[in-house]
Amino acid sequence: MVNDRFFGTESQQSLLRRGRSIYDLFAGDVRVSYHGRTVGLLRPSAESGPLLDRLFALQGASTYADVPAEDADIVQSELEARGYSITRYQCWSGGDTVIKAARNIVATYALPKGITAHWIDADAPDLHLERLADVALCCGVLPLAGSVLRGQLKPGLGIVALDEHGQAASCAAASSFAHPDDTIRGSEAWWGMLATHKQHRGKKLALILGAMALLKMHERFGFQQFMTGVQPGNTASEAVCAKTGLSPQPRIILTAVDAEALPGGKLTS
Ligand SMILES: CC(C)(COP(=O)(O)OP(=O)(O)OC[C@H]1O[C@@H](n2cnc3c(N)ncnc32)[C@H](O)[C@@H]1OP(=O)(O)O)[C@@H](O)C(=O)NCCC(=O)NCCS
């Protein structure tokens, strides 16, 4: 049994557990991506179909994470014709502009009175990890595997903001994504898992925590390029991404989830 922490419903935890085990088998494979949920393939190729089928069958979900926008419709139609139900995410990313924007955010805004920020790393108390999971889940965001949030499996980190009663107000996270030898995406980090409890929204918590997570990922692990996937229409997420210096790219993330393995059929918002 893999020794890790997974959060969410039984089906969510079991999906994350399968994803973690598959990653343990595929960690050295330059074709795959993983940031603590399920193992995906970076891009479709002549040979990728059978591998995607197996990743999907074993995990109950998988992804093509780096599909050029001009190919996305056709790749999606082919997947749908093969029976997959696809969620489409717009890729937002950026480099220097993002680091500059994040520095500007932490220099400009302070956390509201009574709110404290706590890093999730190898030494963080379990309680903080659990609080981070609480706020993510109550906002419809699936927490990454604990070992990724703690940076124990691969470069990664989380951050949680607690209120004066010790309840979670907001969270953010970042992780390495592609295999470092992938010539296109190997030096890019995934960033996101932004979630703010309804009663704390509009206080710039996502903006501040997101910027802190991004800068720490840059300083601790040297990442200069950051990406995330946003479902078109998630205006709050788009607003936070834009203010953090990310911009929409001609790149689409196509995710297939088995509704039987994960009721609701969606990994995250
Ligand atoms: C997205 C989310 C994390 C934003 O949290 P938040 O702490 O309220 O955001 P902030 O207060 O830091 O807002 C940052 C900026 O985004 C803007 N913004 C926030 N919510 C917005 C909305 N619904 N519509 C438009 N703009 C919005 C804010 O106005 C602010 O811009 P400003 O500096 O010009 O005022 C929160 O709405 C949430 O938890 N949503 C559900 C989960 C989700 O979708 N997460 C993203 C998954 S990738």
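Up top is the structure.
Everything in this summary refers to the structure shown in the same document. Small disclaimer: the values here were computed from a predicted structure and weren't measured.

Around the ligand, the structure places 20 residues, and the nearest of them are Leu-194, Thr-196, Gly-202, Lys-204 and Lys-243. At 2.6 Å from an oxygen atom of the ligand is found a side-chain nitrogen or oxygen belonging to Lys-204. Backbone polar atom of Leu-207 to an oxygen atom of the ligand: 2.9 Å apart, as the coordinates give it. If the ligand stood free it would expose 930 Å²; the protein chains cover 74% of that surface. The site holding the ligand turns out to be the largest pocket. Counting only elements with at least two residues in the shell around the ligand, the list comes to strand 8 (188-196), helix 7 (205-221) and helix 8 (235-243). Here the shell around the ligand gets six residues from one element, more than from any other, and that element is helix 8. Residue classes in the shell around the ligand are distributed as 10 nonpolar, six polar and four charged.

It is worth spelling out the nonpolar core at this point. Of all hydrophobic cores here, the largest spans 59 residues; its most connected members are Leu-79, Leu-149 and Met-193. When sequence neighbours within four positions are dropped, the list of residues in contact with Leu-149 reads Ile-120, Leu-129, Leu-132, Leu-144, Gly-156, Leu-157, Gly-158, Ala-173 and Met-193. Counting 30 residues, the second largest nonpolar core, distinct from the first, contains Ile-99, Ala-102, Ala-161 and Phe-226.

Let us look at the side chain of Thr-244. With respect to the helices and strands, the residue Thr-244 is situated in the loop between helix 8 and strand 10 (247-257). Each residue touching Thr-244, except ones within four places of it in the same chain, is listed here: Thr-97, Val-98, Ala-101, Ile-105, Trp-191, Leu-207 and Leu-214.

Structurally, Thr-38 can be placed in the loop between strand 1 (32-33) and strand 2 (40-41). When its relative accessible area of 7% is taken as the criterion, Thr-38 is described as buried. Aside from chain neighbours lying at most four places away, what touches Thr-38 is Leu-15, Gly-19, Ser-33, Gln-59, Ala-61 and Leu-267.

What follows deals with helix 8. Of the positions making up helix 8, those classed as buried are Ser-237, Val-240 and Cys-241. Considered in projection along helix 8, the buried side chains sweep an arc of 100° and stay on one side of the axis. Turned more than 90 degrees from where helix 8 packs its buried face, Thr-235 and Lys-243 sit exposed. Residues of helix 8 that are buried sit in contact with strand 4 (86-94), strand 8, helix 7 and strand 9 (225-230). Residue Gly-245 follows helix 8 closely and has a positive phi angle near 90°.

Attention now moves to the layout of surface pockets. The calculated volume of the largest pocket comes to roughly 970 Å³. Around the largest pocket, the lining comprises 44 residues; the ones closest to its centre are Val-141, Met-193, Leu-194, Asn-234 and Ser-237. Class assignment for the residues of the lining of the largest pocket results in 22 nonpolar, 17 polar and five charged. Roughly 160 Å³ of internal volume is contained in the second largest pocket. Lining the second largest pocket are 16 residues, and of these Lys-154, Ser-176, Ala-178, His-179 and Pro-180 sit closest to its centre. When the residues that make up the lining of the second largest pocket are grouped by side-chain class, the tally is nine nonpolar, four polar and three charged.

Calculation notes
Residues numbered from 1 in each chain as written. Predicted model: local features only at pLDDT ≥ 70, side-chain atom pairs only at ≥ 80, totals over all residues. Heavy atoms only, no water. Near = heavy atom within 4 Å. Polar contact = N/O pair within 3.5 Å; in protein donor to acceptor, adjacent residues only side chain to side chain. Areas by Shrake-Rupley, 256 points an atom, 1.4 Å probe, with all protein chains shown as cover. 1 Å grid on protein atoms, 1.4 Å probe; cavity = no way out; pocket = protein on both sides within 12 Å on 5 of 7 lines; lining within 4 Å. Sits in = over half its atoms within 2 Å of the grid points. Helix = DSSP H or I, 4+ residues; strand = E, 2+ residues; numbered from the N terminus. Nonpolar A, V, L, I, M, F, W, Y, C, P; charged D, E, K, R; others polar. Core = buried A, V, L, I, M, F, W, Y, C linked by side-chain atoms within 4.5 Å. Buried < 20%, exposed > 50% of the residue type's maximum accessible area, 1.4 Å probe, protein only. Contact = heavy atoms within 4.5 Å. Arc of directions from axis to C-beta. Points joined across faces, edges and corners; volume = space filled by probe spheres on them.

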